[in-house]
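Now for the letters of each chain:
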Amino acid sequence: MPPPRPQPRCLADFFSYETTKSVVVKSWVVGVVNRVVQLLILSYFIGWVFLHEKAYQVRDTVIESSVVTKVKGIGKYGNRVLDTADYVTPPQGTSVFVVVTKQILTENQEQGICPESEATYQCASNRDCQGKGRTTGSGVLTGRCVPYNVTLRTCEIRGWCPPEVDTVDVPVMLEAENFTLFIKNSIRFPLFGFEKANLPPQVSAGELQRCRFHPEQQPLCPILRLGDVARFAGQDFATLAATGGVLGIKIGWVCDLDRSWELCLPRYSFTRLDSVTQHSPGSPGYNFRHARYYRGHNGTELRTLTKAFGIRFDVLVYGNAGKFGIVPTLINTVAAFTSIGVGTVLCDIILLNFLKGAEHYKARKFEEVPEATVPPAPASPTGCVPGALGDQSREKQSTDSGTFSLGL
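Examining the overall build of the chain
Alright, step 1. Summing up its helical and strand segments, the chain has 10 helices and 18 strands in all.
Alright, step 2. Taking all 408 residues of the chain together, 34% fall into the buried category.
Alright, step 3. Of the contacts made within the chain by residues no fewer than 6 positions apart, 68% connect residues no fewer than 24 positions apart.
Alright, step 4. Only carbon and sulfur atoms are counted for the fraction: they give 57% of the accessible area of the chain, which is about 26,100 Å².

Here it is, written out as structure tokens:
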């Protein structure tokens with residue numbers, strides 16, 4: 001068998017390997033700094049990135065949610081007894097609803113002309129009513145000044161009469177503090193096809209009706225007392241019921257799907273959403289108006305106007321889920337090992353600039369070669385240009401600073 005043909009030197013040089021030159025420095029200061037920095041970086045990635053932030057997981061931040069609510073309780077308002085159909089609006093059991101706690105009623109209104117009830121429209125003659133614009137809060141001005149009572153005259157309007165008087169003192173339905181709110185929340189993480197509800201597993205209907213939410217004793221009970229919701233939000237229920245307000249019930253679903261299905265549990269928290277405007281002198285609290293229409297005995301259209309003060313509840317659902325993924329695990333592992341090299345950079349800065357004998361270290365780490373004229377060499381019998389991929393010496397300087405390539 002003939003001997004194997006020798007490979008061209010340019011091909012052998014192309015498949016050679018260059019490694020960096022290492023300089024070992026016997027210095028306690030630099031060594032301690034290097035190990036401490038490496039330990040801190042490693043602790044950060046293991047403790048915070050991997051264990052706390054769970055960067056090895058694929059996360060789904062798109063949560064699909066459905067909320068159904070139901071309020072229960074009987075209250076007294078004036079000489080009437082009110083149930084859920086009287087004080088909850090809208091009645092569909094949505095995630096945003098209002099429990100009415102105070103009402104100012106203006107009954108038997110009909111279309112016609114009458115004196116305006118607002119104090120800003122007091123007048124002495126028709127001239128006072130002709131320079132105030134065309135409309136008021138209750139109707140359209142006719143331009144005439146008419147008697148409001150035996151001592152007061154106001155501008156006349158066309159609209160629903162008699163106009164509303166919302167400065168009267170009316171009672172507050174404080175029984176609403178003991179009303180209960182049942183929240184049924186279903187969520188889904190579409191990336192993983194994971195579905196869960198906030199109802200406690202393996203709980204009978206009787207046990208569910210008897211439970212009441214408490215952040216420590218019964219944190220999974222979906223039935224909440226309205227007074228407790230206000231208290232958990234840092235509010236006084238009596239004050240809130242008198243002026244109205246907006247409370248937020250937040251349900252958080254932060255789930256680690258690498259664990260069992262039962263450990264994905266909701267977390268409830270409470271806040272007042274209109275806290276910025278609750279002390280506003282112009283429009284404190286929360287109120288709205290609505291009307292009930294009917295026909296009188298003579299066929300005239302009548303209505304009862306209601307200015308309602310109440311507590312609006314907004315049920316807000318948020319969350320995300322994570323599950324192990326090989327891609328984020330590899331990315332963050334590589335980032336961790338790469339970041340450990342920061343210790344080397346810091347030690348080089350200290351070593352070459354601040355320690356005694358820095359010039360000596362620089363001379364060992366960096367090698368300066370002056371430019372030299374290389375005579376032309378005869379053509380290589382293999383057809384490769386000398387110096388294209390390497391020269392003929394056994395030990396040669398690489399183009400990388402501080403590295404050597406050893407030919408074997």
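What about the state of the cysteines?
Alright, step 1. The tally for this structure, following the rule as stated, stands at 5 disulfides.
Alright, step 2. Bridging Cys 123 to Cys 145, the disulfide has an S-S length of 2.0 Å. Classification of the bridge connecting Cys 123 and Cys 145 rests on its S-S torsion, roughly 95°, and on that basis the disulfide is right-handed. In this pair, Cys 123 is assigned in the loop between β7 (96-115) and α4 (126-129) and Cys 145 in strand β8 (residues 139-147), connecting sequence segments 22 residues apart. For the pair Cys 123 and Cys 145, one class covers both residues: buried.
Alright, step 3. Paired by a disulfide, Cys 255 and Cys 264 hold their sulfur atoms 1.8 Å apart. Torsion about the S-S bond of the Cys 255 and Cys 264 cystine: about 50°, corresponding to right-handed handedness.
Alright, step 4. Judged by its relative accessible area of 3%, Cys 255 falls in the buried class.
Alright, step 5. Overall, the relative accessible area of 3% leaves Cys 264 in the buried class.

A few points about a nonpolar patch on the surface
Alright, step 1. Where nonpolar side chains cluster on the molecular surface, the patch consists of Phe 324, Ile 326, Val 327, Leu 330 and Ile 331 and spans about 520 Å² of accessible area.
Alright, step 2. With 4 residues, the single largest contributor to the nonpolar patch is helix α8 (residues 326-339).

Quick word on the pattern of salt bridges
Alright, step 1. Summed over all chains, the structure comprises 11 salt bridges.
Alright, step 2. In this structure, Glu 177 and Arg 225 form a salt bridge, with 3.8 Å as the shortest nitrogen-oxygen distance. On the criterion of sequence distance, the pair formed by Glu 177 in the loop between β9 (153-161) and β10 (180-189) and Arg 225 in strand β12 (residues 223-225) is long-range, its members being 48 residues apart.
Alright, step 3. Taking the shortest distance from any N to any O, the salt bridge between Arg 225 and Asp 228 comes out at 2.9 Å.

Describing the side chain of Asp 228
Alright, step 1. With respect to the helices, strands and loops of the structure, Asp 228 is situated in helix α6 (residues 226-232).
Alright, step 2. A polar atom in the side chain of Asp 228 sits 2.9 Å from the side chain of Arg 225.

So, unusual backbone geometry
Alright, step 1. Omega for the peptide link from Thr 89 to Pro 90 comes to -10°, which places this bond in the cis form.
Alright, step 2. With respect to the helices, strands and loops of the structure, Pro 90 is situated in the loop between β6 (88-89) and β7.
Alright, step 3. The step from Cys 161 to Pro 162 runs through a cis peptide bond, and the omega angle for that step is 0°.
Alright, step 4. You can see Pro 162 is positioned in the loop between β9 and β10.
Alright, step 5. Of note in this structure, Lys 54 is not a glycine but carries a positive phi near 50°.
Alright, step 6. By the element assignment, Lys 54 lies in the loop between α2 (28-52) and β2 (57-60).
Alright, step 7. A positive phi angle, close to 60°, is found at Asn 108, a residue other than glycine.
Alright, step 8. Tracing the sequence through the fold places Asn 108 in strand β7.

A look at the packing of helix α9 (residues 342-353) against helix α10 (residues 358-365)
Alright, step 1. Two elements in contact, α9 and α10, have axes whose closest approach is 7 Å; the angle formed by their N-to-C orientations is 120°. Considering the angle they form, α9 stands oblique to α10. For the pair formed by α9 and α10, the contact residues are Asp 348, Leu 351, Leu 352 and Asn 353 on the first element and Ala 358, Tyr 361, Lys 362 and Lys 365 on the second.
Alright, step 2. Residue composition of the contact of α9 with α10, grouped by class: 4 nonpolar, 1 polar and 3 charged.

Describing the nonpolar core
Alright, step 1. If you look at the biggest cluster of nonpolar residues, it comprises 50 residues, and the most contacted ones within it are Tyr 87, Val 99, Phe 179, Ile 183, Leu 247, Phe 270 and Phe 313.
Alright, step 2. Those residues in contact with Phe 270 that lie beyond four places of it in its chain are Phe 213, Leu 224, Val 229, Phe 232, Ala 233, Gly 248 and Ile 249.
Alright, step 3. In terms of nonpolar packing, the next biggest core, distinct from the first, is built from 9 residues, Tyr 121, Cys 145, Ile 157 and Cys 161 among them.

Focus on the packing of α2 against α9
Alright, step 1. At a closest axis distance of 9 Å, the pairing of α2 and α9 adopts a crossing angle of 155°. Between α2 and α9, the interaxial angle falls into the category roughly antiparallel. Crossing hand, α2 versus α9: right-handed. Every residue of α9 that contacts α2 at Val 30, Val 33, Asn 34, Val 37 and Ile 41 is listed here: Val 342, Gly 343, Thr 344, Leu 346, Cys 347, Ile 350 and Leu 351.

Examining the pairing of β9
Alright, step 1. Within β9, 7 of the 9 residues are buried, which leaves it mostly tucked inside the rest of the structure.
Alright, step 2. Here 6 bridges tie β7 to β9, and the two strands are oriented antiparallel to one another. If you follow Gly 112 over to β9, its bridge partner there is Gly 159.
Alright, step 3. With 6 bridges joining them, β8 and β9 adopt antiparallel strand pairing. Within β9, the position partnered with Cys 145 by the bridge is Cys 155.
Alright, step 4. Between β8 and β9, which pair antiparallel and follow one another directly, the connecting turn spans 5 residues.

Examining α9
Alright, step 1. Between its terminal C-alpha atoms α9 stretches 17 Å, which fits the 16 Å expected from 12 residues at 1.5 Å a residue.
Alright, step 2. For α9, the set of buried residues is Gly 343, Cys 347, Leu 351 and Leu 352. Looking straight down α9, one finds its buried side chains confined to an arc of 145°; they lie on one side.
Alright, step 3. For α9, the secondary structure elements touched by its buried residues are α2 and α10.

Analysis parameters
Residues numbered from 1 in each chain as written. Predicted model: local features only at pLDDT ≥ 70, side-chain atom pairs only at ≥ 80, totals over all residues. Heavy atoms only, no water. Helix = DSSP H or I, 4+ residues; strand = E, 2+ residues; numbered from the N terminus. Buried < 20%, exposed > 50% of the residue type's maximum accessible area, 1.4 Å probe, protein only. Contact = heavy atoms within 4.5 Å. Areas by Shrake-Rupley, 256 points an atom, 1.4 Å probe, with all protein chains shown as cover. Disulfide = S-S within 2.5 Å. Patch = residues over 30% accessible without salt bridge, like charges linked within 9 Å, V, L, I, M, F, W, Y side chains within 5 Å. Salt bridge = Lys/Arg side-chain N within 4 Å of Asp/Glu carboxyl O. Polar contact = N/O pair within 3.5 Å; in protein donor to acceptor, adjacent residues only side chain to side chain. Axes fitted to C-alpha atoms, helices over the stretch in contact; angles between N-to-C directions. Parallel < 35°, antiparallel > 145°, perpendicular 65-115°, else oblique. Nonpolar A, V, L, I, M, F, W, Y, C, P; charged D, E, K, R; others polar. Core = buried A, V, L, I, M, F, W, Y, C linked by side-chain atoms within 4.5 Å. Left-handed = near helix turned anticlockwise from the far one by under 90°. Pairing = 2+ DSSP bridges. Expected span 1.5 Å × (residues − 1). Arc of directions from axis to C-beta.

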